[in-house]
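Below, each chain spelled out in residue letters.
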Amino acid sequence: MKILLLGSGELGKEFVIAAQRIGQTIIAVDSYENAPAMQVAHDFEVINMLDGEALDRIVAKHQPDFIVPEIEAIRTERFYDYEKQGITVVPSAKAANFTMNRKAIRDLAAKELGLRTAKYKYATSAEELQKAVQEVGIPCVVKPLMSSSGKGQSTIKTESDIEKAWQYAVAGSRGDVIEVIVEAFVNFDSEITLLTITQNNNPTLFCAPIGHRQERGDYQESWQPALVSEKDLYEAQDMAEKITEALGGAGLFGVEFFLTKEGVYFSELSPRPHDTGMVTLAGTQNFNEFELHLRAILSLPIFEITLEKAGASAVILASEDSTNPTFTGIEKVAALPKTDFRIFGKPTSRPYRRMGVVLSHDTLSTPINEVTERAKETAKLVTVNS
Ligand SMILES: Nc1ncnc2c1ncn2[C@@H]1O[C@H](COP(=O)(O)OP(=O)(O)OP(=O)(O)O)[C@@H](O)[C@H]1O
Ligand SMILES: NCC(=O)N[C@@H]1O[C@H](COP(=O)([O-])[O-])[C@@H](O)[C@H]1O
Ligand SMILES: [Mg+2]
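Computed from a prediction, not measured in an experiment: that's the story for all the values here.

(A) Geometry of the nonpolar core. Core analysis: the largest hydrophobic core is formed by 36 residues, its most contacted members being Ile243, Leu247, Val255, Phe257, Phe266 and Leu269. Residue contributions to this core peak at five residues, all from helix α8 (residues 230–247). Listed in part, the 28 residues of the second largest apolar core include Leu5, Phe66, Leu281 and Leu359.

Structural data, given as structure tokens:
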């Protein structure tokens, strides 16, 4: 099959590797050359994926069987047409289109499906934000409607933060929409990603929950399995099933939840492998999240997902801008038992850019916080030089 991969970061790279292993053809696309997934694909294209005409051009040129979005900021409105042309958009045009913009997915979850979410409002100017903050209450979180990995996200703790939060959101917005969502701050005990796999003609499957810790809206460590009560897990699975069914199609979704004393809150979801799901590269499951995504897309039945080990991932971040980033300390990581790592091969670095990940694993009876602590400490051994 021919797969057009829209977005070529670290998640795409592992997806391509999984696809190469079973003989698929991949054209990797991103806005810059030599992106991680391009380094392992058959062919590549460099375009602005928010430009509908540029998208049309490469779809016509390559005539793919599948279009697999890897990021959110794509002119996803075009996907409905590609579906009509007989191309399978993964997991569906609706799923990609609804999750490109926080508004569509949040309204679907809260209003149409009645899932529990933080109280929220939208704003298109600093003045509207003032009003929205009053309605939602302080503290609250402001995010551009189009952004990911925490870009443009900030927490309002006092009224004097409002103007700053607006400016920051506008600057961090990825797409061409100048609008923000304001969410009441959820004082959660923990947060999880529930990897949910919808299949053609087979039942929906769930991976063991993944716990994670975030800073600046971006994940720092993730671990699997996360300790979740049976009741909370059941609630989360029920919500994940409802929302993935409403979005349609086959593939792996990363559904994010906050766990609180009052129950489970739906936060958001990725209709594709999730960054916190990179923990599955530690061998925690019989199939990692990229292999699961691929199998679901190709309608290869997934008989079962088994949890094999306890695992954790911890990010390796750059601290400076560079056009030639290099790494030191890798040999120290390599010398450790039950430890592995990935360096994504991003051609440039900037402060806080995720450049690699450290993976640790252990037996299922090992306390998960020990495995996580080990990954976290090990990641500190690596320095990204500029
Ligand atoms: N309403 C909220 N209350 C408390 N914390 C929040 C809230 N919204 C977001 N956060 C924190 O910020 C993190 C990032 O938020 P969110 O997942 O919405 O951003 P994102 O930019 O879509 O990130 P990604 O693309 O990496 O998933 C959450 O995982 C959580 O830790
Ligand atoms: N939370 C979403 C996420 O983790 N996405 C991953 O990060 C890449 C962009 O990285 P970059 O900003 O360093 O180019 C994306 O291409 C995807 O692999
Ligand atoms: Mg998120």
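Still to come is the rest of the account.
(B) Main features of the site of ligand 2. Near ligand 2, the surroundings consist of 13 residues, among which Glu70, Ser149, Lys346, Arg350 and Arg353 are the closest. Between glutamate 10 and ligand 2, the recorded distance is 3.3 Å, taken from a backbone N or O atom to an oxygen atom. The separation between an oxygen atom of ligand 2 and a polar main-chain atom of leucine 11 is 3.1 Å. When ligand 2 sits alone it has 450 Å² of accessible area, and the protein chains cover 85% of it. In the shell around ligand 2, the residues fall into two nonpolar, two polar and nine charged.

(C) Structural view of the UniProt feature "binding site: Mg(2+)" (unreviewed entry) in the protein chain. The sites that carry the UniProt feature "binding site: Mg(2+)" (unreviewed entry) are, in the present numbering, Glu256 and Glu268. Secondary-structure assignment places glutamate 256 in strand β14 (residues 251–260). Among residues more than four places away in sequence, those in contact with glutamate 256 are Ile192, Thr193, Tyr265, Phe266, Ser267, Glu268 and His274. Along the chain, glutamate 268 falls in strand β15 (residues 263–270). Other than its neighbours up to four places away in sequence, glutamate 268 contacts Arg102, Gly254, Val255 and Glu256. In this structure the side chain of glutamate 268 is engaged in a polar contact, spanning 3.3 Å, whose partner is the side chain of arginine 102.

(D) Quick look at helix α2 (residues 52–62). For α2, the complete set of buried residues consists of Gly52, Ala54, Leu55, Ile58, Val59 and His62. Buried residues of α2 fall within an arc of 160° about the axis and therefore sit on the same side. Along α2, the residues that are exposed and aim more than 90 degrees away from the buried face are Glu53, Arg57 and Lys61. Check the buried side of α2 and you find it contacts β1 (2–6), β2 (25–30), β3 (43–46), β4 (66–69) and α3 (79–84). Its side-chain oxygen 3.0 Å from the backbone nitrogen of glutamate 53, aspartate 51 forms the N-cap of α2. Of the residues trailing α2, glutamine 63 is marked for its positive phi of about 45°.

(E) Main features of unusual backbone geometry. Here isoleucine 138 and proline 139 are connected by a cis peptide whose omega angle stands at 0°. For asparagine 201, which is not a glycine, the phi torsion comes out positive at approximately 65°. With respect to the secondary-structure elements, asparagine 201 resides in the loop between β10 (190–199) and β11 (202–206).

(F) Representation of the coordination of the magnesium ion (ligand 3). In the first shell of the magnesium ion (ligand 3), the protein supplies Glu256 (OE), Glu256 (OE) and Glu268 (OE), at 2.0 to 2.4 Å from the metal. Linking glutamate 256 in strand β14 with glutamate 268 in strand β15, this pair joins segments that are 12 residues apart in sequence. For glutamate 268, a relative accessible area of 24% corresponds to the partly exposed category.

(G) Representation of the sheet that holds β2 within the structure. Judged by pairing direction, the sheet is parallel, and its five strands sit side by side in the order β3-β2-β1-β4-β5 without closing on themselves. The open sheet has two edge strands, β3 and β5 (88–89), and neither has a second partner. Note: β2 against β3, four bridges, orientation parallel. Within β3, the position partnered with isoleucine 27 by the bridge is aspartate 43. The strands touched by α2 are β1, β2, β3 and β4; relative to β1, the strand with the most contacts, the crossing angle is about 160°.

(H) Structural detail: the site of ligand 1. Close to ligand 1 lie 19 residues, the nearest being Lys143, Gly150, Val186, Glu191 and Glu268. Within the contact set of ligand 1, an oxygen atom lies 3.0 Å away from a side-chain nitrogen or oxygen of arginine 102. The separation between a nitrogen atom of ligand 1 and a polar side-chain atom of glutamate 183 is 2.9 Å. Starting from 610 Å² of accessible surface for ligand 1 in isolation, the protein chains cover 94%.

(I) Examining the packing of helix α6 (residues 126–136) against helix α7 (residues 162–172) more closely. Two elements in contact, α6 and α7, have axes separated by 9 Å at closest approach and are oriented at 125°. As summarised for this structure, α6 and α7 are arranged oblique, according to the angle between their axes. The way α6 lies across α7 gives a crossing that is right-handed. In this structure, α6 contributes Ala126, Leu129, Gln130 and Val133 to the contact, and α7 contributes Ile162, Glu163 and Trp166. Here the residues of the contact of α6 with α7 are counted per class, giving five nonpolar, one polar and one charged.

Calculation notes
Residues numbered from 1 in each chain as written. Chains lettered and ligands numbered in written order. Predicted model: local features only at pLDDT ≥ 70, side-chain atom pairs only at ≥ 80, totals over all residues. Heavy atoms only, no water. Core = buried A, V, L, I, M, F, W, Y, C linked by side-chain atoms within 4.5 Å. Buried < 20%, exposed > 50% of the residue type's maximum accessible area, 1.4 Å probe, protein only. Helix = DSSP H or I, 4+ residues; strand = E, 2+ residues; numbered from the N terminus. Near = heavy atom within 4 Å. Polar contact = N/O pair within 3.5 Å; in protein donor to acceptor, adjacent residues only side chain to side chain. Areas by Shrake-Rupley, 256 points an atom, 1.4 Å probe, with all protein chains shown as cover. Nonpolar A, V, L, I, M, F, W, Y, C, P; charged D, E, K, R; others polar. UniProt positions renumbered as here; feature names shortened; annotations may be inferred. Contact = heavy atoms within 4.5 Å. Arc of directions from axis to C-beta. Donors = N, O, S within 2.8 Å, 3.2 Å for Na, K, Ca; no water. Pairing = 2+ DSSP bridges. Axes fitted to C-alpha atoms, helices over the stretch in contact; angles between N-to-C directions. Parallel < 35°, antiparallel > 145°, perpendicular 65-115°, else oblique. Left-handed = near helix turned anticlockwise from the far one by under 90°.

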